[in-house]
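What follows is the residue order along each chain.
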Amino acid sequence: MSTSVLGVLANPFRSALARREAPAAVGTLRELDPERAFEEQLIRDAQAGSRSAFDALVRQHDQAVLRLALNVTRSENDAQDIVQEAFLKAYRYLPNFRFECSFYTWLYRIVTNVALDAMRRRKTRREDPATMADGVGGTIDLLGNVSDDRAMANPARELERKEVGEKIHEALGKLTPRERMVFEMKHYQGMRLRAIGEVLNTTEETAKNTLFRATKKLRAELAPIRGGAL
Amino acid sequence: MLRLYGELPPEEVHALDAHLAACEDCRRELAALRALQETVAQEPRIEPSAELLASTRRGLAATIDREAQRHWWPRLFAGTLSFRPLASAAMLFAGISLGGFSGYQLGVKTHPAPIATTTTPLVPPDSTPVASVSSVAAQPDGKSVLVRYNRLVPESATGSTDDPAIRRLLAMGIQSPTDPQVQDDSVRLLAEACSHGPQCDDSRVRGALMTAARYDGDPALRGQALIGLQPYLTEDTRVRDTLLESLIHDNSPQVRAQAIHMLSPVEADSSVRQVLHNVSNTDQDPTVRRMSRIMSQDASDVGLQIQ
């Protein structure tokens, strides 16, 4: 090595070693499962200024955050904006993270706040197409792009599927941003109501009531699809 | 509804079942809710494409880079810099200064300094840079001044590149914002160690190589970083994503061609096939397009064999 890495010896390395050697009564890392202990280590290193540790944290969550943003906004541009803003806030405020809740909950609080703001702005713009804006200014027909092998050989069924999809999309678009978010997290992401409450900084009971309201609205909107059977 | 979502406590499930058995309206209500769930499940879900994910990550990395370059003190006044470490450092500083000053006073009282005698060098030696000046005090003689300062004390570590601690140091060397030569040497040594030596299990070490593969200014070093990641391609999806990003976005045709070559162990992966297919149609370099087409064809053949 022609030059030394000594100039970049940073405290995080030594502090990480020190933590590893610390008695269990001081550090709780040994009591955690390896995955959580590893994440905690990453968070502490990122808090100490390690960019690579922060990048590793981003990589653990960015795809799921992008998926959530993409499905609630139906716009690649908006989804990218949400991801950028959310992780930028996470970067700024990470030093304030005190391990009082899981990192997932903390991060998703930021993500849902940013996403709800974006959805509210969209509501005021009344953008609600059944097409999705792609990253280069074009549009993608969402329903036409989703392959459904069951309908491939049956054009009439394909058309019906597309119409049903449009109606569902319209019905979801009539929910308030908060109802839409709760429904997304419960119905599509399978999160527990308690976790949804924590992420939205509210109670499980409130999350449940929001889900009830969303379901009631969707029933009313979608009743004609099944001849009133909803 | 809570029952359908699996949110009802077990003790209430039995009570509800008993009630449903005797209540036709309630059974109808449950069936309607189930039908609603099935209907809403038809809403098409969008999965982020590899291209979208890669472009989002690039944009985010640039945003964080800009943020990291901001000076620390605006963050302090904005309240986003943690106060506790600063307060601890300040208290430590104050303690050391106070202790030093008390010791100095005690020393002065016990052993009065001989007049016109200098026991410490007037300026610190150049070999150990001064990190900060902690106190300045005019001396009673009216001519001299006592300056207390802290020095940066370099440390060194020697060891095999198979040693995880050395690898972590090299990973930090890759993140070095100050010395490009340190970055280059660290990439070379770490890539070599990870491609031939024991497993680089530390995700920070792999993360550093992934950073180098994406952002190093030298295409040869980006290619070397990719080689260092090769052993982990099949087990670590982040490594696969890094290769795909290089294939899509790297401005060097040599690096893109290398990425194609390295992707062969995972060519049957659907996202890899999709990217190869796109690259085979859109890449500016005819060799890269041809290589992608061949690899894409191989992947299709593998898919057919599996079926």
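Residues numbered from 1 in each chain as written. Chains lettered and ligands numbered in written order. Predicted model: local features only at pLDDT ≥ 70, side-chain atom pairs only at ≥ 80, totals over all residues. Heavy atoms only, no water.

So, the overall build of chain B
So, point 1. A count of helices and strands for chain B gives 13 helices and 2 strands.
So, point 2. Buried positions account for 36% of the 307 residues belonging to chain B.
So, point 3. Residue pairs at least 24 apart in sequence account for 53% of intrachain contacts in chain B once pairs closer than 6 positions are excluded.
So, point 4. Counting every atom, chain B has about 17500 Å² of accessible surface; 58% of that belongs to carbon and sulfur. (Helix = DSSP H or I, 4+ residues; strand = E, 2+ residues; numbered from the N terminus. Buried < 20%, exposed > 50% of the residue type's maximum accessible area, 1.4 Å probe, protein only. Contact = heavy atoms within 4.5 Å. Areas by Shrake-Rupley, 256 points an atom, 1.4 Å probe, with all protein chains shown as cover.)

Section: a nonpolar patch on the surface
Residues and elements named next belong to chain B.
So, point 1. Together, Val 130, Val 133, Val 136, Val 145, Val 147 and Tyr 149 make up a nonpolar patch on the protein surface, roughly 490 Å² of accessible area in all.
So, point 2. By the secondary structure assignment, Val 145 is in strand S2 (residues 145-151).
So, point 3. Given a relative accessible area of 48%, Val 145 falls into the partly exposed group. (Patch = residues over 30% accessible without salt bridge, like charges linked within 9 Å, V, L, I, M, F, W, Y side chains within 5 Å. Salt bridge = Lys/Arg side-chain N within 4 Å of Asp/Glu carboxyl O.)

Structural notes on the confidence of the model for chain B
Detailed reading of predicted coordinates is not advised where the pLDDT is low.
Residues and elements named next belong to chain B.
So, point 1. Overall, the prediction assigns chain B a mean pLDDT of 78, with 76% of residues at 70 or greater.
So, point 2. Contacts of residues 113-120 to residues separated by more than four positions or lying in other chains number 0 contacts, the stretch itself having pLDDT below 50.
So, point 3. For this predicted complex, the interface score ipTM comes out at 0.73, while the overall pTM is 0.50. (pLDDT = per-residue confidence, 0-100.)

Observations regarding the nonpolar core
So, point 1. In terms of nonpolar packing, the biggest core is built from 68 residues, with A:Leu94, A:Phe183 and A:Leu218 touching the most fellow members.
So, point 2. Contact partners of A:Leu218, with chain neighbours within four places excluded, come to A:Ala171, A:Leu172, A:Leu175, A:Phe183, B:Leu36 and B:Val40.
So, point 3. Core analysis: the second largest hydrophobic core is formed by 39 residues, B:Ala225, B:Ile260, B:Leu263 and B:Val279 among them. (Core = buried A, V, L, I, M, F, W, Y, C linked by side-chain atoms within 4.5 Å.)

As for the interface of chain B and chain A
So, point 1. At the junction of the two partners, chain B supplies 65 residues and chain A supplies 73 residues.
So, point 2. When residues of chain B are sorted by the area they lose upon contact with chain A, B:Arg45, B:Ile46 and B:Arg204 head the list and together hold 11% of the total.
So, point 3. At the junction of chain B and chain A, the tally comes to 10 salt bridges.
So, point 4. For B:Arg57, the salt bridge is made with A:Asp62, and the minimal N-O distance between the two is 2.6 Å.
So, point 5. The interface formed by chain B and chain A contains 15 residue pairs in polar contact (both at pLDDT 80 or more).
So, point 6. Taken together, the elements giving at least two residues each to the side of chain B that touches chain A come down to helix H2 (24-40), helix H3 (50-69), helix H6 (164-174), helix H7 (180-196), helix H8 (203-215) and helix H10 (237-249) of chain B.
So, point 7. For the side of chain B that touches chain A, the element with the most residues is H3(B), which contributes 13 residues. (Buried area = accessible area lost by both parts, 1.4 Å probe. Polar contact = N/O pair within 3.5 Å; in protein donor to acceptor, adjacent residues only side chain to side chain.)

What to know about the packing of helix H4 (residues 76-93) of chain A against H3(B)
So, point 1. Between H4(A) and H3(B), whose axes approach to 10 Å, the crossing angle comes to 35°. As H4(A) runs across H3(B), the sense of the crossing is right-handed. Here A:Glu76, A:Gln80, A:Val83, A:Gln84, A:Phe87, A:Leu88, A:Tyr91 and A:Arg92 of H4(A) lie close against H3(B), whose contacting residues are B:Leu52, B:Ser55, B:Thr56, B:Gly59, B:Leu60, B:Thr63, B:Ile64, B:Glu67 and B:Ala68.
So, point 2. Residues belonging to the contact of H4(A) with H3(B) are distributed by class as follows: 8 nonpolar, 6 polar and 3 charged. (Axes fitted to C-alpha atoms, helices over the stretch in contact; angles between N-to-C directions. Left-handed = near helix turned anticlockwise from the far one by under 90°. Nonpolar A, V, L, I, M, F, W, Y, C, P; charged D, E, K, R; others polar.)

Concerning the pairing of S2(B)
Residue and element names in this part refer to chain B.
So, point 1. Bridge analysis of strand S1 (residues 130-138) against S2 gives 7 bridges, and the strand direction is antiparallel. Note that in S2 the partner of Ser 132 across the bridge is Asn 150.
So, point 2. The hairpin formed by S1 and S2 contains 6 residues between the paired strands, and Gly 142 there has a positive phi angle of roughly 80°. (Pairing = 2+ DSSP bridges.)

Some words on the packing of aromatic side chains
So, point 1. Under the counting rule described, the total for this entry stands at 7 aromatic pairs over all chains.
So, point 2. When the centroid spacing of 5.8 Å and the interplanar angle of 80° are considered together, the rings of A:Phe97 and A:Phe103 count as edge-to-face.
So, point 3. Residue A:Phe97 is classed as buried on the basis of its relative accessible area of 3%.
So, point 4. Seen from their ring centres, A:Phe97 and A:Trp106 are 5.2 Å apart, and the 50° between their planes marks the pair as tilted.
So, point 5. Linked through ring pairs, A:Phe97, A:Phe99, A:Phe103 and A:Trp106 together constitute an aromatic cluster.
So, point 6. Looking at A:Arg44, its charged tip hangs above the ring of A:Phe99, at a distance of 4.3 Å from the centre.
So, point 7. A cation sits over an aromatic face here: B:Arg45 above A:Tyr188, 3.8 Å from the ring centre. (Phe/Tyr/Trp six-rings, centres within 6.5 Å; stacked < 30°, edge-to-face > 60°. Lys NZ or Arg CZ within 6 Å of the ring centre and 35° of its normal.)

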